[in-house]
Amino acid sequence: MKKTSKFLEVKNLGKSFGGNWAIKDINMSVNRGELLGIIGPNGAGKTTLFNMVTGFLKPTEGSISYQEKDISNLKPHKICNIGIARTFQIVKPFGNLSVLENVTIGALRYEKDVNKAKKIAHEKVKFVGLGEYSHTTASSLPLGHRKRLEMARALATDPEIIMLDEVMGGLNDEETADMMQLVKELHNDGLTIMLIEHNMHALMSLSERVVVLCYGKKLADGTPNEVSSNADVIEAYLGSDDDA
Ligand SMILES: Nc1ncnc2c1ncn2[C@@H]1O[C@H](COP(=O)(O)OP(=O)(O)OP(=O)(O)O)[C@@H](O)[C@H]1O
Ligand SMILES: [Mg+2]
């Protein structure tokens with residue numbers, strides 16, 4: 001067997017919206033078990049990248065492969081079934097369902113027995129620290145809790161890769177520290193993680209490697225130290241009004 005390439009790999013990936021390239025010529029990969037951070041100013045194309053990997057957007061150009069299989073044109077539920085889960089930057093729970101019910105829906109992706117799915121959901125709800133809110137309706141949760149719910153929903157699908165899109169966005173310092181702890185635990189358990197975050201301290205301290213996107217292009221790819229001393233990266237950040 002030929003030496004395996006990367007766990008998840010994108011090649012020459014591009015997405016155009018009506019002639020405007022949100023991302024273009026992106027080549028990058030994620031190794032199994034890696035915690036890869038993705039940064040870039042607002043509009044850099046980070047969420048668009050996640051949307052393509054998870055099947056919510058079809059690439060205009062290029063390809064995405066997972067464990068050496070081409071997944072470029074799979075629909076979101078298929079992507080989820082093969083083990084790639086995500087959270088949404090704008091959290092999207094079923095507002096009138098309880099926390100536990102929302103997470104059970106995630107678990108039902110692979111566990112068809114409702115009671116077993118509920119059990120899995122219960123564990124994930126506890127893991128993210130929402131145990132006492134199991135029966136609270138999702139719409140009445142404050143943002144910090146909704147972000148955790150989003151995480152529990154993704155985890156309940158039993159992923160091999162989890163793609164976290166600003167799970168710390170809008171959180172206070174204490175909530176951010178708790179979320180960082182959760183991410184660390186998942187990584188220590190062997191989950192492969194892709195993390196988009198504007199909170200530089202959190203991202204740099206958690207990530208083993210960091211990819212920097214800027215205006216849809218890949219600007220840098222390296223360790224947190226390499227990336228934070230990269231002149232192009234410094235320029236991109238100093239040259240923007242971004243709070244990152
Ligand atoms: N569905 C869409 N239709 C048209 N343009 C879009 C669409 N989705 C994203 N874009 C554009 O693509 C570019 C990249 O957007 P994207 O949301 O991927 O950026 P981002 O890096 O996630 O930004 P942020 O840090 O603000 O979340 C932006 O110019 C955005 O306006
Ligand atoms: Mg985004």
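A brief look at the structure comes next. Since the structure is predicted, the reported quantities are computational estimates derived from the model, not experimental observations.

Some points on the coordination of the magnesium ion (ligand 2)
So, step 1. Coordination of the magnesium ion (ligand 2) by the protein involves Thr-47 (OG1) and Gln-89 (OE1), with metal-donor separations of 2.0 to 2.2 Å. Within this pair, whereas Thr-47 is found in helix α1 (residues 46-53), its partner Gln-89 is found in the loop between β6 (84-86) and α3 (99-107), the two being separated by 42 residues in sequence.
So, step 2. What makes Thr-47 partly exposed here is its relative accessible area of 23%.

Side note on the sheet that holds strand β1 (residues 8-17)
So, step 1. Pairing is antiparallel in the open sheet, where 4 strands are placed in the order β2-β1-β4-β5. Unpaired on one side and paired on the other, β2 (20-30) and β5 (69-70) mark the two borders of the sheet.
So, step 2. Contacts from α1 reach β1, β2 and β4 (61-66) within the one sheet, and its direction differs from that of β1 by about 115 degrees.

Here's the deal with the site of ligand 1
So, step 1. Around ligand 1 lies a shell of 13 residues, among which Gly-43, Lys-46, Thr-48, Gln-89 and His-198 are the nearest.
So, step 2. Contact distances for ligand 1 include 2.9 Å between an oxygen atom and a side-chain N or O atom of Asn-42.
So, step 3. In this structure, an oxygen atom belonging to ligand 1 sits 2.8 Å away from a side-chain N or O atom of Gln-89.
So, step 4. With the chains in place, 58% of the 640 Å² that ligand 1 exposes on its own is no longer accessible.
So, step 5. Examining the composition of the shell around ligand 1, we find that 3 residues originate from one element, α1, more than from any other.
So, step 6. Each residue belonging to the shell around ligand 1 can be placed in one class, and the counts come to 4 nonpolar, 7 polar and 2 charged.

Here we look at the layout of surface pockets
So, step 1. In this structure, the largest pocket encloses a volume near 400 Å³.
So, step 2. Those elements that provide at least two residues to the lining of the largest pocket are α2 (76-81), β6, α3 and α5 (143-155).
So, step 3. The class makeup of the residues in the lining of the largest pocket is 10 nonpolar, 4 polar and 5 charged.
So, step 4. The space that makes up the second largest pocket amounts to roughly 200 Å³.
So, step 5. Residue lining of the second largest pocket: Glu-123, Lys-124, Phe-127, Leu-155, Asp-158, Pro-159, Leu-186, Asp-189 and Leu-191, and that is the complete set.
So, step 6. A per-element tally of the lining of the second largest pocket places helix α4 (residues 114-127) first, with 3 residues.
So, step 7. Each residue belonging to the lining of the second largest pocket can be placed in one class, and the counts come to 5 nonpolar, no polar and 4 charged.

What counts and what doesn't
- Residues numbered from 1 in each chain as written.
- Chains lettered and ligands numbered in written order.
- Predicted model: local features only at pLDDT ≥ 70, side-chain atom pairs only at ≥ 80, totals over all residues.
- Heavy atoms only, no water.
- Donors = N, O, S within 2.8 Å, 3.2 Å for Na, K, Ca; no water.
- Helix = DSSP H or I, 4+ residues; strand = E, 2+ residues; numbered from the N terminus.
- Buried < 20%, exposed > 50% of the residue type's maximum accessible area, 1.4 Å probe, protein only.
- Pairing = 2+ DSSP bridges.
- Contact = heavy atoms within 4.5 Å.
- Axes fitted to C-alpha atoms, helices over the stretch in contact; angles between N-to-C directions.
- Near = heavy atom within 4 Å.
- Polar contact = N/O pair within 3.5 Å; in protein donor to acceptor, adjacent residues only side chain to side chain.
- Areas by Shrake-Rupley, 256 points an atom, 1.4 Å probe, with all protein chains shown as cover.
- Nonpolar A, V, L, I, M, F, W, Y, C, P; charged D, E, K, R; others polar.
- 1 Å grid on protein atoms, 1.4 Å probe; cavity = no way out; pocket = protein on both sides within 12 Å on 5 of 7 lines; lining within 4 Å.
- Points joined across faces, edges and corners; volume = space filled by probe spheres on them.

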